[in-house]
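Here are the chains, one letter per residue:
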Amino acid sequence: MKRYFAGMTDTGNVRNVNQDSYYIDPDGRFFIVADGMGGHAGGQEASSIATQTIKEHILKHWDSSKKSDAILKEAFVAANQAILDEQDKHPELRDMGTTAVVALFRDQDSPWFANVGDSRLYRLRGHQLEQITEDQTWVAQAVKRNALTQDEARTHAWRHVLSQCLGRADLSDIAIAQMDVQSGDCLLLCSDGLTEELPDGIIASHLKLIRACDTAATTLIKAAKDREGKDNITVIVISID
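Notes on the structure in this doc start here.

About the thresholds
- Residues numbered from 1 in each chain as written.
- Predicted model: local features only at pLDDT ≥ 70, side-chain atom pairs only at ≥ 80, totals over all residues.
- Heavy atoms only, no water.
- Core = buried A, V, L, I, M, F, W, Y, C linked by side-chain atoms within 4.5 Å.
- Buried < 20%, exposed > 50% of the residue type's maximum accessible area, 1.4 Å probe, protein only.
- Helix = DSSP H or I, 4+ residues; strand = E, 2+ residues; numbered from the N terminus.
- Contact = heavy atoms within 4.5 Å.
- Pairing = 2+ DSSP bridges.
- Axes fitted to C-alpha atoms, helices over the stretch in contact; angles between N-to-C directions.

1. Quick word on the nonpolar core
Point 1. The biggest cluster of nonpolar side chains holds 26 residues, and the ones touching the most others in it are Ile 54, Ile 58, Phe 76 and Leu 166.
Point 2. For this core, the elements supplying multiple residues, two or more each, are β3 (30-37), α1 (40-61), α2 (68-89), β5 (100-104) and β6 (112-116).
Point 3. Among residues more than four places away in sequence, those in contact with Leu 166 are Ala 50, Phe 76, Ala 79, Asn 80, Ile 83, Gly 97, Thr 98, Ala 100, Val 116 and Leu 171.

Written as structure tokens, this is what we have:
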């Protein structure tokens, strides 16, 4: 199946620095979004290190006999270690970390995904938008325990508290799985600067109405900024034909 794609990042209305990072393989083989944290310099550095390390590892092993899930796991472990190494060199950046979400089209038309943190991967099929990744946050865990409702989680004071991120020695949960895609599906990778401002229903309505990936990316970011745009906003839109 052929893929059309476009990506865009924006600082938003409040921040002075963009701590998000993203990468789109020119041939549409894989896509990365990372959302850094830990101060301006730290967040920028962490997301950039993660994106570059994951990219380099995937490219290095693309033609190898290794399975795609193993490549993704190794890429995330390498990114985590690269950030830890940078923290050791620069103690002032010891709090830096980053989320990361990757979509990898290496095994015919059955892509893999991997994520750490709360940057998300969605799939729009027909009129149904489904969140493929699971947020690694305190509130997401509380919702699973039925301690919070989805509506309560959306506005909870601890909704940005991550249970996992890259840049921590105790990293233990890299979510990796295959996902089903069909012709006509649309995939969205994004940082939480988008989902903090736009509920899933609004995101779905924009993706359903707009066929061109670059226009969809621009429209989603504008919609988030028209709300409040408090955070950096990054989106990658992939159309499966």
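And the narrative resumes.
2. Notes on the sheet that holds strand β1 (residues 3-10)
Point 1. Spatial strand order, β1-β11-β10-β7-β8: five strands in an open sheet with antiparallel pairing. The open sheet has two edge strands with one neighbour each: β1 and β8 (128-131). The average undirected angle you get between the axes of adjacent strands in this sheet is 15°.
Point 2. Pairing analysis gives five bridges linking strand β10 (residues 186-190) to strand β11 (residues 233-240), with the strands arranged antiparallel. Directly across from Cys 186, in β11, lies its bridge partner Ser 239.
Point 3. Across the sheet, helix α7 (residues 213-227) touches β1, β10 and β11, and the angle it forms with β11 is around 150°.

Note that all results are geometric; they support no functional claim without further evidence.
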